[in-house]
Amino acid sequence: FVTWLYRARANLRAFGARHLRYTRNWTVLGFLIPVVNLVRPYQVVREIWQASDPRPTDPAGWVLVKPPRLVKAWWGTFVAFVAFKLFAWWMRSSAPHDLVRLEIARSVELLGDLMAAVSVTLVYFVVDRITDAQQAKWERLDPPLPS
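Residues numbered from 1 in each chain as written. Predicted model: local features only at pLDDT ≥ 70, side-chain atom pairs only at ≥ 80, totals over all residues. Heavy atoms only, no water.

(A) Region of the structure containing the overall build of the protein chain. Along the protein chain, the regular secondary structure elements total 5 helices and 0 strands. Listing every helix and strand of the protein chain by position from the N terminus yields α-α-α-α-α. Here the C-alpha atoms of the protein chain give a radius of gyration of 19 Å, more than 25% beyond the 15 Å that 2.2 N^0.38 yields for 147 residues. With the C-alpha coordinates of the protein chain rotated into their principal frame, the extents come out at 75 × 30 × 25 Å. Per-residue burial over the protein chain gives 33% buried out of 147 residues. Put simply, 64% of the contacts in the protein chain that link residues at least 6 apart link residues at least 24 apart. Accessible surface computed for the protein chain: about 9,300 Å², of which carbon and sulfur atoms make up 64%. Within the protein chain, the 11 negative side-chain charges are centred at a point lying 7 Å from the centre of the 19 positive side-chain charges. (Helix = DSSP H or I, 4+ residues; strand = E, 2+ residues; numbered from the N terminus. Rg over C-alpha atoms; globule rule 2.2 N^0.38 Å. Buried < 20%, exposed > 50% of the residue type's maximum accessible area, 1.4 Å probe, protein only. Contact = heavy atoms within 4.5 Å. Areas by Shrake-Rupley, 256 points an atom, 1.4 Å probe, with all protein chains shown as cover. Lys, Arg positive; Asp, Glu negative; His and termini not counted. Charge placed at Lys NZ, Arg CZ, Asp CG, Glu CD.)

(B) Representation of unusual backbone geometry in the model. Phi angles above zero are rare outside glycine, and His 19 is one such case at about 65 degrees. Mapped onto the elements, His 19 comes out in the loop between helix H1 (2-14) and helix H2 (26-32).

(C) Seen up close, the packing of helix H4 (residues 69-94) against helix H5 (residues 99-141). Contact pair H4 / H5: the axes reach a minimum separation of 7 Å and the direction vectors enclose 160 degrees. Judged on the interaxial angle alone, H5 and H4 are roughly antiparallel. For the crossing formed where H4 meets H5, the hand is left-handed. By residue class, the composition of the contact of H4 with H5 is 24 nonpolar, 4 polar and 6 charged. (Axes fitted to C-alpha atoms, helices over the stretch in contact; angles between N-to-C directions. Parallel < 35°, antiparallel > 145°, perpendicular 65-115°, else oblique. Left-handed = near helix turned anticlockwise from the far one by under 90°. Nonpolar A, V, L, I, M, F, W, Y, C, P; charged D, E, K, R; others polar.)

(D) Up close: the environment of Thr 121. Counting through the fold element by element, Thr 121 comes out in helix H5. A distance of 2.8 Å separates a polar side-chain atom of Thr 121 from the backbone oxygen of Ala 117. (Polar contact = N/O pair within 3.5 Å; in protein donor to acceptor, adjacent residues only side chain to side chain.)

Structural data, given as structure tokens:
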């Protein structure tokens, strides 16, 4: 996903998008830097979504494109996945011999797994729609030669 994201961000320059806030490096670093990784990947994907939209013709017109709820839903489920997993880990490690607590931790971890499944499903649609938008943008910029 991060490799695809990096390439999708690199495409924006070729499409002529200007005044982008996040560089290609943020597509990788955004996931790696603690605390920053709670918001930066979402911001990068949102910007890529907006700048990939084929409708604006102005190089800076992408800022007026409203990202869909799909991007927020993907990121929300991803953050929920991480939160549930961390909470379950904390519960297991803070009382390793308390069977009730371990059972609750297992349930919390299961919720985390569910959030991961939903997040992966949503990111599939995010990737699909951004890829389609970039393809349409490319076709708009490079019209076919007349026969």
